[in-house]
Amino acid sequence: MMRQKMADSIRFLAADMVQAANSGHPGAPMGLADIAVVLSEHLSHNPKNPSWLNRDRLVFSGGHATGLIYSLYYLWGYGLELDDLKQFRQLDSKTPGHPEYGHTEGIEITTGPLGQGIANAVGFAMASKHVGAQTNSEMAKVIDHSVYCLCGDGDLEEGLSYEACSIAGHNKLDNLILIYDSNNITIEGSTDLSISENIHKRFDSQGWDVQEIDGHNFDEIDAAIIRAKSSDKPSLIIANTLIAKGSGELEGSHHAHGAPLGEEVIAKAKTAAGFDPEKKFFVDVDVMARFRCAIESGDLSEREWIHRLKELPLMEQNEALDALQNPDFSRIQWPTFDKAEATRGTNGKILNAVAKAIPGFIGGSADLSPSNKTEMKNMGVYPKGKNIYFGIREHAMASICNAMALYGPIMPFSATFFVFSDYLKPAARIAALTGIQQFFVWTHDSIGVGEDGPTHQPIEHLSQFRALPNFYVWRPADGNENVVAWQVALEMKRSPSAFVCSRQNLSLLPKAVSGNAAKGGYLLEETSGATITLMASGSEVELAMNTKSKLAEKGVKVNVVSVPCFDLLIEQDKAYLDSIIKTDKVVAIEAARGLEWYRFADEVICMDTFGASAPAGQLFDKFGFTPEAIANKLV
Ligand SMILES: Cc1ncc(C[n+]2csc(CCOP(=O)(O)OP(=O)(O)O)c2C)c(N)n1
């Protein structure tokens, strides 16, 4: 009886929120309310310390279920008040349309783009296994929490969920429990319209433990969670539910997915459940008292954990935890460079130096580590070691790394060819939007890819990622700029950074890189009486230097500005920009789409088409990226 009243309280809070906002999704919260009540009994978390390391993680992959999410965080005592629920979806409220990490206390990660939450949950589970492998011993466990994820039909239709769950099964993530709100309804209607696969068999074949239950039967939900917790595989609980359960006439209807139920329907539903139809945003004291037990029990759980840490029989466990939690960047032995080298190579050396010094620095590639140069030598294989084999699953890789970064003591990187950043763009966007410090290693950065041809040659990608707010794209021209890039990126705790590196060798710049590289751009070569400034990044900086010599032969004097990070350069003040761009005429050179350079340049020498398949040198010739061609164009 009590559980029913608790679930109905969530239902009507969610319905009232959507009604008051005249916008939102009542269906999923009402369908999931019974599951949420039982989950509350299992979840180990501390509302007074939402960042307790050994808490269970809870991810709502269907981010549209905010009516449920905010109701729960209010009921559990995370600091949300009824007034916040009444401000649902309003400007500057704590209760925006989809859950935002860092905005509302307790939200583990921003969700909304379907499928990502599942991959995030896999990321939390993987992070937990890695930190556990460093700190747990036979005698005492530092990390032993679960990761729960609620998802819907939409999440499982997304290809990302396939990738992520495949990784979870392969890695036997027995700490992961995915609860599938199987209501067979999406926006357009019944799932019969769009999907007919057997989800049970799909997860079976991916190495999961699968259970199927009535998602409105409290005892079945309870038993399923208990079994899932003791499984030696990741668990899927297929919970058969009715969307908008308890709403009366809209129960089971797709019309309840994303529109207010209507005052009349809500009033009737409240009456049918024994609630007062006149009372809105109402939670009875007994219901509140039950949910608020989370505060007491959470505090107790964390205290027990702290006690456990103090009692750890092995000092090394505590030391390992301490080292993970307090990375010391001064321990990094930065490599130095003295010869021509591809920046993917210099980047690989830097990455190894960082990994050696920083315990929580881990990552991997989507099957391209030999090409991306991301293997961390002699540093082992995940879960104990640092090298993660993500397989050819870019979207899952980047979404997993987002969660790993938010887990706490982990600093993750992910790698692939720059052109395939397309496959992970949604996760990069979430990283930027929410301020997640993920490091993206993207090699093979231009037509310099050569023979693999236009499918493998990024053209619009630099522009695309430079257009992303709070995302820092580094395209170093040599190893020394590459070092500065990492030094800056490691300090940017609330921003993702990308390292866009060449496949082909690049000459060392003529002088040791100046500290101003950290400003995103700097005056590399200054000629007295210069009339033109050439601006470039990465491989085109060398080209700009050679063009400068060509133009000198024609009596034209030129300055060269190297721009390893366009995003940082545009943040500099006018005085700094004037100190490096001193001529009236400014020309930018980039073997990519490059239109953003018009912010500084009068003329941009760039790619107007896709590339082609040929040795790289021939391609630079064909597309006009030679000192002769550029010099002739300019004079
Ligand atoms: C990647 C992505 N595509 C589309 C949407 C828009 N969208 C939000 S909810 C939804 C339907 C989800 O159906 P389901 O998971 O069954 O949720 P339920 O109907 O049970 O609430 C869609 C298409 C989205 N949020 N993310």
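Quantities reported herein were computed from a predicted structural model and do not represent experimental measurements.

1. With respect to the sheet that holds strand 20 (residues 603-605)
Moving on, step 1. Overall, mixed pairing links the 5 strands, which are arranged 16-18-17-19-20 in an open sheet. The strands lining the two open edges of the sheet, one partner per strand, are strand 16 (522-525) and strand 20. Across the sheet, the mean angle separating the axes of adjacent strands is 30 degrees when strand polarity is ignored.
Moving on, step 2. Across 5 bridges, strand 17 (residues 532-536) lies against strand 18 (residues 558-562) in parallel orientation. What sits directly across from Leu-534, in strand 18, is Val-560.
Moving on, step 3. With respect to the sheet, helix 23 (residues 627-634) is in contact with strand 17, strand 19 (585-589) and strand 20, its orientation differing from that of strand 20 by roughly 160 degrees.

2. A closer look at the sheet that holds strand 6 (residues 209-214)
Moving on, step 1. One open sheet accounts for 5 strands, arranged 1-2-3-7-6; its pairing is parallel. At either end of the open sheet lies a strand with only one pairing partner, and these are strand 1 (57-60) and strand 6. On average, adjacent strands in this sheet sit at an angle of 20 degrees to one another, irrespective of strand direction.
Moving on, step 2. Here strand 6 pairs with strand 7 (residues 235-240) via 6 bridges, running parallel. Note that in strand 7 the partner of Ile-213 across the bridge is Ala-239.
Moving on, step 3. Packing of helix 2 (residues 27-42) onto the sheet brings it into contact with strand 1, strand 2 (147-152), strand 3 (176-182) and strand 7, and relative to strand 2 it is tilted by some 170 degrees.
Moving on, step 4. On top of the sheet, helix 3 (residues 66-76) reaches strand 1 and strand 2; it is set at about 150 degrees to strand 1, its chief contact.

3. Considering the pairing of strand 12 (residues 439-443)
Moving on, step 1. Burial within strand 12 is extensive, with 5 of its 5 residues counted as buried.
Moving on, step 2. With burial as the criterion, each face of strand 12 is covered, one bearing Phe-439, Val-441 and Thr-443 and the other bearing Phe-440 and Trp-442.
Moving on, step 3. In this fold, the crossover linking strand 11 (residues 411-417) to strand 12 by way of helix 16 (residues 425-434) has right-handed handedness.
Moving on, step 4. Inspection of the sheet shows strand 12 paired to strand 14 (residues 497-501) by 5 bridges, in the parallel sense. Its bridge partner lying in strand 14, Phe-440 is registered against Ala-498.

4. A closer look at helix 9 (residues 218-230)
Moving on, step 1. Look at helix 9: 19 Å from first C-alpha to last across 13 residues, which is about the 18 Å you get at 1.5 Å a residue.
Moving on, step 2. Residues Phe-218, Ile-221, Asp-222, Ala-224, Ile-225 and Ala-228 constitute the buried set of helix 9. Buried residues of helix 9, seen end-on, are gathered within an arc of 165 degrees and therefore sit on one face of the element. Exposed side of helix 9, more than 90 degrees from the buried face: Asp-219 and Ser-230 are the residues found there.
Moving on, step 3. Buried-residue contacts for helix 9 involve helix 1 (2-21), helix 2, strand 2, strand 3, strand 6 and strand 7.
Moving on, step 4. Where helix 9 begins, one side-chain oxygen reaches toward the backbone nitrogen of Asp-219, 3.0 Å away; that side chain belongs to Asn-217.

5. What about the state of the cysteines?
Moving on, step 1. For the structure shown, the criterion picks out 0 disulfides.
Moving on, step 2. With no disulfide of its own, Cys-151 lies 5.7 Å from the sulfur of Cys-149, the closest cysteine sulfur.
Moving on, step 3. Its relative accessible area of 3% is what places Cys-151 among the buried residues.

6. Concerning the pattern of salt bridges
Moving on, step 1. Considering all chains together, one arrives at 29 salt bridges under this definition.
Moving on, step 2. Of the charged contacts in the structure, one is a salt bridge between Arg-475 and Asp-445, with a shortest N-O distance of 2.9 Å. Here the residue Arg-475 occupies a position in the loop between strand 13 (472-474) and helix 18 (479-491), and Asp-445 occupies one in the loop between strand 12 and helix 17 (461-466), the gap between them amounting to 30 residues.
Moving on, step 3. Exposure remark for Arg-475: the relative accessible area of 1% places this residue in the buried category.
Moving on, step 4. Residue Lys-550 pairs with Glu-628 through a salt bridge whose shortest N-O separation is 3.9 Å. Here Lys-550, found in helix 19 (residues 539-553), pairs with Glu-628, found in helix 23; they are 78 residues apart in sequence, far enough to count as distant.
Moving on, step 5. With a relative accessible area of 23%, Lys-550 lands in the partly exposed category.
Moving on, step 6. Each of Asp-445, Arg-466, Arg-475, Glu-540, Glu-590 and Glu-596 takes part in one network of salt bridges that share partners.

7. Some details on the site of the ligand
Moving on, step 1. Around the ligand sit 15 residues, and of these His-64, Gly-154, Asn-183, Ile-185 and His-257 come closest.
Moving on, step 2. Between the ligand and Asp-153 there is a distance of 3.2 Å, counted from an oxygen atom to a side-chain nitrogen or oxygen.
Moving on, step 3. The side chain of Asn-183 places a nitrogen or oxygen atom 2.6 Å from an oxygen atom of the ligand.
Moving on, step 4. Contact with the protein chains removes 73% of the 590 Å² of surface that the ligand exposes when unbound.
Moving on, step 5. Contributions of two or more residues to the shell around the ligand are made by helix 6 (153-157) and strand 4 (185-186).
Moving on, step 6. Residue classes in the shell around the ligand are distributed as 6 nonpolar, 7 polar and 2 charged.

8. A word on the environment of Gly-364
Moving on, step 1. With respect to the secondary-structure elements, Gly-364 resides in strand 9 (residues 361-365).
Moving on, step 2. Under the relative-accessibility criterion, Gly-364 is labelled buried at 5%.
Moving on, step 3. Sequence separation between Gly-364 and Ala-536 is 172 residues, and the spatial gap between their C-alpha atoms is 29 Å.
Moving on, step 4. Ignoring sequence-local partners within four residues, the contact set of Gly-364 consists of Ile-388, Phe-390, Met-397, Phe-413, Ser-414 and Ala-415.

Scoring rules and cut-offs
- Residues numbered from 1 in each chain as written.
- Predicted model: local features only at pLDDT ≥ 70, side-chain atom pairs only at ≥ 80, totals over all residues.
- Heavy atoms only, no water.
- Pairing = 2+ DSSP bridges.
- Helix = DSSP H or I, 4+ residues; strand = E, 2+ residues; numbered from the N terminus.
- Axes fitted to C-alpha atoms, helices over the stretch in contact; angles between N-to-C directions.
- Contact = heavy atoms within 4.5 Å.
- Buried < 20%, exposed > 50% of the residue type's maximum accessible area, 1.4 Å probe, protein only.
- Right-handed = clockwise from strand over helix to strand, strands pointing away.
- Expected span 1.5 Å × (residues − 1).
- Arc of directions from axis to C-beta.
- Polar contact = N/O pair within 3.5 Å; in protein donor to acceptor, adjacent residues only side chain to side chain.
- Disulfide = S-S within 2.5 Å.
- Salt bridge = Lys/Arg side-chain N within 4 Å of Asp/Glu carboxyl O.
- Near = heavy atom within 4 Å.
- Areas by Shrake-Rupley, 256 points an atom, 1.4 Å probe, with all protein chains shown as cover.
- Nonpolar A, V, L, I, M, F, W, Y, C, P; charged D, E, K, R; others polar.

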